[in-house]
2 protein chains.
Amino acid sequence: MAATEENSKVCEAYPMKGGDGPTGYANNSVYQRGGADASKQFVNKAIAELELETLISSKTFRIADLGCSVGPNTFFSVENIIETLQLKCNSLGLNSQIPEFQVFFNDHASNDFNLLFNSLPHNRQYYAAGVPGSFHGRLFPNSSIHLFHSSFSIPWISRVPKEVVNKNSPAWNKGRIFYSDATDEVLRAYEAQNVEDMECFLNARAQEIVNGGLMVLIIPGRQDDTPHSQSLPNMLFQILGSCLMEMARKGIVDEEKVDSFNLPNYFMSSKELEAAIERNGRFSVERWENLHHFAAHDIVYNIPQLLASQVRATMEGLIKQQFGDETLDELFDLYGKRIAEQQFVVVTGKAMVYLLVLKLKAN
Amino acid sequence: MAATEENSKVCEAYPMKGGDGPTGYANNSVYQRGGADASKQFVNKAIAELELETLISSKTFRIADLGCSVGPNTFFSVENIIETLQLKCNSLGLNSQIPEFQVFFNDHASNDFNLLFNSLPHNRQYYAAGVPGSFHGRLFPNSSIHLFHSSFSIPWISRVPKEVVNKNSPAWNKGRIFYSDATDEVLRAYEAQNVEDMECFLNARAQEIVNGGLMVLIIPGRQDDTPHSQSLPNMLFQILGSCLMEMARKGIVDEEKVDSFNLPNYFMSSKELEAAIERNGRFSVERWENLHHFAAHDIVYNIPQLLASQVRATMEGLIKQQFGDETLDELFDLYGKRIAEQQFVVVTGKAMVYLLVLKLKAN
């Protein structure tokens with residue numbers, strides 16, 4: 001019988017901050033939106049150029065968005081894909097056979113699906129469903145999804161590596177919350193977790209996708225020649241860690257809690273990503289583009305507090321869990337200030353987003 | 001292109017009370033559970049006896065539960081169906097071809113899907129998805145569902161008939177909240193709405209269900225020879241209406257708000273249900289049983305407050321919307337008392353639940 005995601009993998013859940021208030025994810029995902037806008041052209045071009053006649057001749061075309069969160073970005077991306085596929089049908093003369101579309105919005109069960117469902121576009125041209133669970137395990141029946149889409153979610157690993165929070169391990173990450181400014185042992189532990197997670201992710205998708213099905217992935221990563229500590233998202237997390245330590249020194253938060261707190265993210269180099277795809281072996285790379293520049297740089301100079309808000313929207317759930325509700329405002333005020341002070345360093349941070357189209361190889 | 005439920009039908013939403021607190025639906029659906037338990041045998045027998053070889057030879061068997069709410073009953077029913085189908089596969093010698101199961105839990109977008117998703121059984125043997133929207137419109141792609149299940153949800157009509165809240169209409173339902181103790185004009189308006197809704201419901205399902213697909217419906221109704229006012233659920237709603245009027249006379253709630261408040265439910269006689277199925281014409285009735293007796297009678301005598309709690313769990317959302325949060329406790333305290341006082345009348349109320357298996361006719 002089908003294993004559910006709970007059976008196949010023990011995962012933790014990292015909800016984006018729900019709600020549509022000023023600090024909620026829905027209002028603070030401009031960085032992600034930037035990636036989505038830039039990827040729109042990429043997706044449109046890929047769909048226009050790829051041989052998809054068999055795929056879109058299905059009566060029902062099923063799309064799954066993995067790590068959808070609650071924001072509107074996921075709706076824009078999905079709508080764009082559907083419109084582009086409809087154009088493709090028209091250009092192939094399949095006008096009378098345009099498939100019906102069904103879209104599965106996936107995220108952890110702790111995601112705010114109530115908000116997601118209540119903000120579904122009313123004029124949508126697809127049947128919508130929500131699928132709770134970790135994308136590191138199975139979510140869908142065999143051979144049932146025609147196109148997977150995931151934007152900015154792949155860097156979430158399934159859990160913080162255990163040794164990183166183990167006082168007796170050489171990989172204990174005392175005084176830091178991320179791997180990029182940590183010891184080699186910490187980095188190795190994160191790398192290993194990412195390798196395992198990518199294996200789980202690609203194995204699950206290879207089973208769930210139909211023959212010839214596509215996977216469109218927008219993945220923030222790290223430039224191959226850039227040290228971990230000089231990659232932009234890593235820098236931002238390092239500053240967040242140093243703010244927490246500053247508050248620990250002032251006695252505002254418990255230092256032990258900082259020691260035992262780590263972010264469950266990993267930003268791959270293109271080599272690591274390529275290796276993961278090759279190790280899995282089931283997908284061919286149909287398109288691969290690297291996106292080096294996007295809005296983040298302008299934001300750093302002009303509105304550092306916005307950058308802080310975006311990190312807050314993404315990480316608030318985790319931080320609240322560990323440090324309590326009451327520290328949030330103070331932490332992120334401090335964070336905004338420290339980003340502003342270090343803007344000339346932050347702006348040297350290298351940003352990188354991979355745009356990929358993978359296709360399931362024939363058996 | 002596929003019409004979404006918003007396109008095809010303008011509906012209102014009637015959420016069960018979310019949350020798992022003491023007055024939430026999850027803890028107050030014993031009445032419904034009684035129906036589910038009684039229907040378990042019925043479902044098992046039907047699946048055992050019906051010719052299902054073609055249906056279960058599908059690689060993925062898709063089940064949709066319509067009006068799932070948040071409670072655990074829906075999980076029990078779905079699990080029972082899946083286990084019975086697996087047994088059927090075994091008995092047919094299809095052991096190596098047992099399909100994977102995918103279950104779609106449907107309810108209005110205002111349903112508490114977050115609670116539903118977080119209470120999904122961890123050891124479930126199916127892939128789960130949530131589908132927000134009214135079952136009076138389209139929810140799924142054409143020919144995509146193998147088995148529909150709906151327990152205790154069909155009596156929810158898509159909206160209160162407009163004329164019932166129109167002061168200038170002869171069907172204005174002043175001083176009452178339901179049709180069963182109202183004028184003939186009110187009754188006619190509800191009847192007409194029900195006819196329209198059943199048409200929408202069956203039309204949508206006929207498109208969504210696969211050839212030979214089944215629909216298992218557990219529908220509380222009214223015995224053909226019982227006047228509306230002497231049917232048990234109707235009696236309970238009438239007492240609720242009289243409590244609201246009592247509070248209006250005391251100035252606790254606004255009488256105009258009682259006048260403009262009506263419950264969006266309709267309990268069909270078997271003749272009405274039969275007529276709806278015949279009018280639609282796409283389904284054959286494979287099984288039909290009438291369940292006359294269940295737990296409600298014992299509850300009336302022994303724990304009238306429990307009956308009040310159950311009506312509260314079902315209707316609280318609507319009542320709060322109209323009369324505000326602050327009236328709830330007082331209203332339902334009074335309600336429990338009035339049910340207790342009238343227990344010798346209430347217990348004469350006739351209860352009736354239809355257990356049906358419908359099958360899509362071949363084109």
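Residues numbered from 1 in each chain as written. Chains lettered and ligands numbered in written order. Predicted model: local features only at pLDDT ≥ 70, side-chain atom pairs only at ≥ 80, totals over all residues. Heavy atoms only, no water.

So what exactly am I meant to see when it comes to the overall build of chain A here?
Each helix and strand counted, chain A has 12 helices and 7 strands in total. Looking at chain A residue by residue over its 363 residues, the buried ones come to 60%. In chain A, of all internal contacts separated by at least 6 residues, the share reaching a separation of at least 24 is 83%. As presented, chain A carries roughly 13900 Å² of accessible surface, and 49% of it is formed by carbon and sulfur atoms. (Helix = DSSP H or I, 4+ residues; strand = E, 2+ residues; numbered from the N terminus. Buried < 20%, exposed > 50% of the residue type's maximum accessible area, 1.4 Å probe, protein only. Contact = heavy atoms within 4.5 Å. Areas by Shrake-Rupley, 256 points an atom, 1.4 Å probe, with all protein chains shown as cover.)

Explanation requested: the interface of chain A and chain B in the structure shown.
By a widely used convention, the size of an interface equals the accessible area lost when the partners come together. Contacts between chain A and chain B engage 40 residues on the former and 40 residues on the latter. Surface buried jointly by chain A and chain B totals about 3200 Å² across both partners, of which 53% is contributed by carbon and sulfur atoms. Our count for the chain A to chain B interface comes out at 2 salt bridges. The partner of A:Glu100 in a salt bridge is B:Arg138, with the nearest N and O atoms 3.6 Å apart. Counting only elements with at least two residues in the side of chain A that touches chain B, the list comes to helix H1 (5-8), strand E1 (60-66), strand E2 (100-107), helix H4 (113-118) and strand E3 (127-132) of chain A. In the side of chain A that touches chain B, the residues fall into 19 nonpolar, 14 polar and 7 charged. (Buried area = accessible area lost by both parts, 1.4 Å probe. Salt bridge = Lys/Arg side-chain N within 4 Å of Asp/Glu carboxyl O. Nonpolar A, V, L, I, M, F, W, Y, C, P; charged D, E, K, R; others polar.)

Help me out: how do you make sense of the packing of helix H5 (residues 184-208) of chain B against helix H8 (residues 270-280) of chain B in this one?
A packed helix pair is summarised by two numbers, namely the angle formed by the two axes and the spacing between the axes. Residues and elements named next belong to chain B. One can describe the packing of H5 onto H8 by two numbers: an axis separation of 10 Å at closest approach and a directional angle of 45 degrees. By the angle between their directions, the pair H5 and H8 is classed as oblique. Here H5 runs over H8; the crossing is right-handed. From H5, Glu 191, Val 195, Met 198, Leu 202 and Asn 203 reach across to H8, where they touch Glu 272, Leu 273, Ala 276, Ile 277, Arg 279 and Asn 280. Among the residues making up the contact of H5 with H8, the classes are represented as 6 nonpolar, 2 polar and 3 charged. (Axes fitted to C-alpha atoms, helices over the stretch in contact; angles between N-to-C directions. Parallel < 35°, antiparallel > 145°, perpendicular 65-115°, else oblique. Left-handed = near helix turned anticlockwise from the far one by under 90°.)

I would appreciate a short explanation of the side chain of B:Glu208 in the present structure.
Residue placement: B:Glu208 occurs in helix H5. Judged by relative accessible area, which is 0%, B:Glu208 ranks as buried.

Can you help me understand the pattern of salt bridges in this one?
Working definition: two side chains of opposite charge can pair if their charged atoms are close together. All names here are of chain B. In this structure the tally under the stated criterion is 32 salt bridges over all chains. Here Glu 49 makes a salt bridge to Lys 45, at a shortest N to O gap of 3.5 Å. With Glu 49 and Lys 45 both in helix H2 (residues 30-49), this residue pair falls 4 residues apart, about one helical turn. One salt bridge connects Glu 256 with Lys 167, and the closest N-O pair in it is separated by 3.8 Å.

Can you walk me through the confidence of the model for chain A in this structure?
Regions with low pLDDT should not have their predicted coordinates read in detail. With 87% of its residues at a pLDDT of 70 or more, chain A shows a mean pLDDT of 88. Considering only residues more than four positions removed or in separate chains, one finds that residues 1-11 of chain A, a stretch of pLDDT under 50, has 37 contacts. (pLDDT = per-residue confidence, 0-100.)

What's the story with the packing of helix H6 (residues 232-249) of chain A against helix H10 (residues 304-323) of chain A in this structure? I'm lost.
Residue and element names in this part refer to chain A. For the pair H6 and H10, the least separation of the axes is 12 Å and the interaxial angle reads 50 degrees. As judged from the angle between their axes, H6 and H10 are oblique. When the axes of H6 and H10 are compared, the crossing they make is right-handed. Of the residues in H10, those touching H6 at Leu 236, Phe 237, Leu 240 and Leu 244 are Leu 307, Val 311, Met 315, Ile 319 and Phe 323.

What exactly am I supposed to notice about unusual backbone geometry here?
Residues and elements named next belong to chain B. Even without a glycine there, the phi angle at Ser 69 is positive, about 55 degrees. Relative to the elements of secondary structure, Ser 69 occurs in the loop between strand E1 (60-66) and helix H3 (73-91). Not every positive phi belongs to a glycine, and Phe 152 is a case in point at roughly 70 degrees. Locating Phe 152 in the fold gives a position in the loop between strand E4 (145-151) and H5.

In this structure, what is going on with the relation of the copies chain A and chain B? I would like to understand it.
Each of the two chain copies can be generated from the other by rotation about an axis followed by a shift along it. Of the transformation superimposing chain A on chain B, the axial component is 0.0 Å and the angular component is 180 degrees, with the fit at an RMSD of 0.0 Å. When the rotation and shift are considered jointly, the pair of chain copies conforms to a two-fold rotation axis. The rotation axis passes nearest to the C-alpha of A:Gly130 in chain A, at a distance of 2.4 Å. Here 100% of the contact residues of chain A are again contact residues in chain B; the copies associate through an equivalent surface. (Least-squares fit on C-alpha atoms with pLDDT ≥ 70 in both.)

I keep staring at the pairing of E3(A) and nothing clicks. Help me out?
Residues and elements named next belong to chain A. Burial of E3 is extensive: 6 of the 6 residues sit out of reach of the surface. Burial along E3 is two-sided: the residues Tyr 127, Ala 129 and Val 131 and Ala 128, Gly 130 and Pro 132 are all buried. Pairing analysis gives 6 bridges linking E2 to E3, with the strands arranged parallel. In the sheet register, Gln 102 faces E3, and the bridge partner there is Tyr 127. The handedness of the E2 to E3 crossover, carried by H4, is right-handed. (Pairing = 2+ DSSP bridges. Right-handed = clockwise from strand over helix to strand, strands pointing away.)

Explain the packing of aromatic side chains to me, please; I cannot follow it from the model alone.
Between two aromatic rings, the relevant description is the distance of the centres plus the angle of the planes. Residue and element names in this part refer to chain B. Scanning the model with the defined rule gives 36 aromatic pairs over all chains in all. Seen in terms of ring centroids, Phe 104 and Phe 140 are 5.3 Å apart; in terms of plane orientation they differ by 70 degrees. Their pairing is edge-to-face. Here Phe 104 is found in strand E2 (residues 100-107), whereas its partner Phe 140 is found in the loop between strand E3 (127-132) and E4, with 36 residues between them in sequence. Exposure remark for Phe 104: the relative accessible area of 1% places this residue in the buried category. Taking relative accessible area as the criterion, Phe 140 reaches 0% and is therefore assigned buried. A ring pair is formed by Phe 332 and Tyr 335, whose centres lie 5.9 Å apart and whose planes are at 80 degrees; its orientation type is edge-to-face. On the criterion of helical spacing, the pair formed by Phe 332 and Tyr 335 is a turn pair, its members being 3 residues apart in helix H11 (residues 328-341). Look at Phe 332 and you get buried, because its relative accessible area is 3%. (Phe/Tyr/Trp six-rings, centres within 6.5 Å; stacked < 30°, edge-to-face > 60°.)

I'm lost on the pairing of E1(A) in this one. Help?
The two faces of a sheet get side chains in turn, since along a regular strand they alternate between them. Residues and elements named next belong to chain A. The element E1 is largely enclosed, with a buried count of 7 among its 7 residues. Bridge analysis of E1 against E2 gives 7 bridges, and the strand direction is parallel. By the bridge assignment for E2, Thr 60 is matched with Glu 100. As judged from the 3 bridges shared by E1 and strand E4 (residues 145-151), these two strands associate in the parallel manner. Pairing of Ile 63 across the sheet is with Leu 147, part of E4.

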